[in-house]
Amino acid sequence: MVFSPAARIVTGWPDRNARIEERSIELPGRRLTLRVHRPKRSDHRLPLVVSFHGGGFIAGTAAQNDWLNSHLAARCPTVVVSVEYRLAPEHPLPAPVEDGYDTLVQIVDDAGRWGVDPARVAVLGESAGGTIAALIALRARKDGPALRAQVLNYPGADWTETMEDYPSFPQNADNPTLPPSRLRAARRLSVPATLDPRSISPLKFDNLADLPPALVVTAALDPLADQGRRYVERLREDGTEAQLSCYPRATHTFLSTPGLVPAARPARREILAFLGGHLR
């Protein structure tokens, strides 16, 4: 999917110094599409950032993050691979997480072909994609690959029955970018009855130690703001380096709608600085 010029007024134009291409990757039992962002000028292996879009596991596309991902690719510089993971209800959890982890492993294992440095790898995600990125970081600390950093933009950190038990949920219930009804539908359609929701809720993990440094970006007008804040507190309690940045006049999805929310630009600069510092 390529957004129209009219849509780009809202979603932002990709960085002119990055090139974007679509590639496919063969994984056991499925083929996925990847949206790959690279700087136009680079003759050496670059760090790798594997990115995951939002959409409650039931919607969304990698192209919605072109503005952020292309800027990171051009300015970090880095190769940003955005994964078109499978969506519920046809492919409920944990399928999207397995897609993300398997993609990461295969790219790192074949780093030369992808032109990336397997020793400088990070994950990034927004909303449900932030859940995926956080879960991959949790899994990778045991099974690898080693990660240098994780960036979680307004992540869903709790998909259990306590999902609504945070002050920001009722406080921001009238926010049109993420009404409670949409969150509940996402949970109903993506979390099967046979799956323990704690297994896909980073906040419910007993041990959050030995994880890569985290930057968690939240929006003060977002029902999920306190999930992100609490996740940072838990990371710090368990000895993981974690930074919280809450943008006071921002809404959920604001990094995908820079044309509507000015806070997207300083947030993008902060993400760039964080990744640049950990991937160099």
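Residues numbered from 1 in each chain as written. Predicted model: local features only at pLDDT ≥ 70, side-chain atom pairs only at ≥ 80, totals over all residues. Heavy atoms only, no water.

Enquirer: Before we move on, can you summarise the pattern of salt bridges with the specific residues and values?
Expert: Applying the stated criterion to the full structure yields 21 salt bridges. When the shortest N-O distance is used, the salt bridge between arginine 198 and aspartate 196 registers 2.8 Å. The class for arginine 198 is exposed, based on a relative accessible area of 51%. Among the salt bridges present, the one from arginine 230 reaches glutamate 233, with a minimum N-O distance of 3.1 Å. (Salt bridge = Lys/Arg side-chain N within 4 Å of Asp/Glu carboxyl O. Buried < 20%, exposed > 50% of the residue type's maximum accessible area, 1.4 Å probe, protein only.)

Enquirer: Can you tell me about helix 5 (residues 128-143), naming the residues and giving the values?
Expert: Along its 16 residues, helix 5 runs 22 Å from first to last C-alpha, staying within 8% of the 22 Å computed at 1.5 Å per residue. Burial analysis of helix 5 places twelve of its 16 residues in the buried class, the great majority of the element. Within helix 5, the full set of buried residues consists of Ala128, Gly129, Gly130, Thr131, Ile132, Ala133, Ala134, Leu135, Ile136, Ala137, Leu138 and Ala140. Elements that come into contact with the buried residues of helix 5 comprise strand 3 (46-52), helix 3 (95-109), strand 5 (116-126), strand 6 (149-153) and helix 8 (225-237). Immediately beyond the C-terminal end of helix 5, within one or two residues, lies glycine 144, with a positive phi of roughly 80°. (Helix = DSSP H or I, 4+ residues; strand = E, 2+ residues; numbered from the N terminus. Expected span 1.5 Å × (residues − 1). Contact = heavy atoms within 4.5 Å.)

Enquirer: Talk me through unusual backbone geometry; I want residue IDs and the actual numbers.
Expert: For the peptide bond that leads from cysteine 76 to proline 77, omega is -20°, which places it in the cis range. Tracing the chain through its elements places proline 77 in the loop between helix 2 (66-75) and strand 4 (79-84). With omega at -5°, the peptide bond leading from glycine 144 into proline 145 counts as cis. Mapped onto the secondary structure, proline 145 falls in the loop between helix 5 and strand 6. For serine 127, which is not glycine, the phi dihedral falls at a positive 55°. Within the secondary structure, serine 127 is located in the loop between strand 5 and helix 5. The backbone of threonine 253 shows a phi angle near 75°, a positive value even though the residue is not glycine. Structurally, threonine 253 is set in the loop between strand 8 (242-247) and helix 9 (264-279).

Enquirer: Break down the confidence of the model for the protein for me, with residues and values.
Expert: Close inspection of predicted coordinates is inappropriate for parts of the model with low pLDDT. The predicted model of the protein averages 96 in pLDDT, with 99% of residues at 70 or higher. Per-element averaging of pLDDT across the protein places helix 1 (residues 5-11) at the bottom with 89 and strand 6 at the top with 99. (pLDDT = per-residue confidence, 0-100.)

Enquirer: Lay out the side chain of arginine 35 with the relevant residues and their values.
Expert: As for its position among the elements, arginine 35 is in strand 2 (residues 30-39). The class of arginine 35 is buried, set by a relative accessible area of 7%. A distance of 3.2 Å separates the side chain of arginine 35 from the side chain of glutamate 22, its partner in a polar contact. Within the structure, arginine 35 has its side chain in polar contact with the side chain of aspartate 66 (distance 2.8 Å). (Polar contact = N/O pair within 3.5 Å; in protein donor to acceptor, adjacent residues only side chain to side chain.)

Enquirer: Kindly report on the pairing of strand 7 (residues 214-219), identifying the contributing residues and their values.
Expert: With six of its six residues buried, strand 7 lies for the most part within the structure. Of the pairings in the sheet, the one linking strand 7 to strand 8 comprises six bridges and is parallel in character. Opposite alanine 219, over in strand 8, you have tyrosine 247 as the bridge partner. In this fold, strand 7 hands off to helix 8, which returns the chain to strand 8; that crossover is right-handed. (Pairing = 2+ DSSP bridges. Right-handed = clockwise from strand over helix to strand, strands pointing away.)

Enquirer: Account for the sheet that holds strand 5, naming residues and giving values.
Expert: The sheet built from eight strands is open, its strands ordered 1-2-4-3-5-6-7-8 with mixed pairing. The open sheet has two edge strands, strand 1 (18-27) and strand 8, and neither has a second partner. Strand after strand, the sheet turns through a mean of 20° between neighbouring axes, direction not considered. Strands in contact with helix 2 are strand 1, strand 2, strand 3, strand 4, strand 5 and strand 6; relative to strand 2, the strand with the most contacts, it is inclined by about 55°. Packed onto the sheet, helix 3 meets strand 1, strand 2, strand 3, strand 4 and strand 5 and runs at close to 105° relative to strand 1. (Axes fitted to C-alpha atoms, helices over the stretch in contact; angles between N-to-C directions.)

Enquirer: Go over the nonpolar core, please, and point to the residues and values.
Expert: If you look at the biggest cluster of nonpolar residues, it comprises 57 residues, and the most contacted ones within it are Leu34, Leu48, Phe52, Leu104, Ile107 and Tyr231. Sort the elements by how many residues they give to this core and helix 5 lands first, with nine residues. Once you skip the residues sitting within four places of it in the chain, phenylalanine 52 turns out to touch Asn65, Val83, Tyr85, Gly100, Leu124, Gly125, Glu126, Gly129, Ile132, Ala133 and Ile136. Counting residues in hydrophobic clusters, the runner-up holds 30 residues, among them Ala74, Ala219, Tyr247 and Val261. (Core = buried A, V, L, I, M, F, W, Y, C linked by side-chain atoms within 4.5 Å.)

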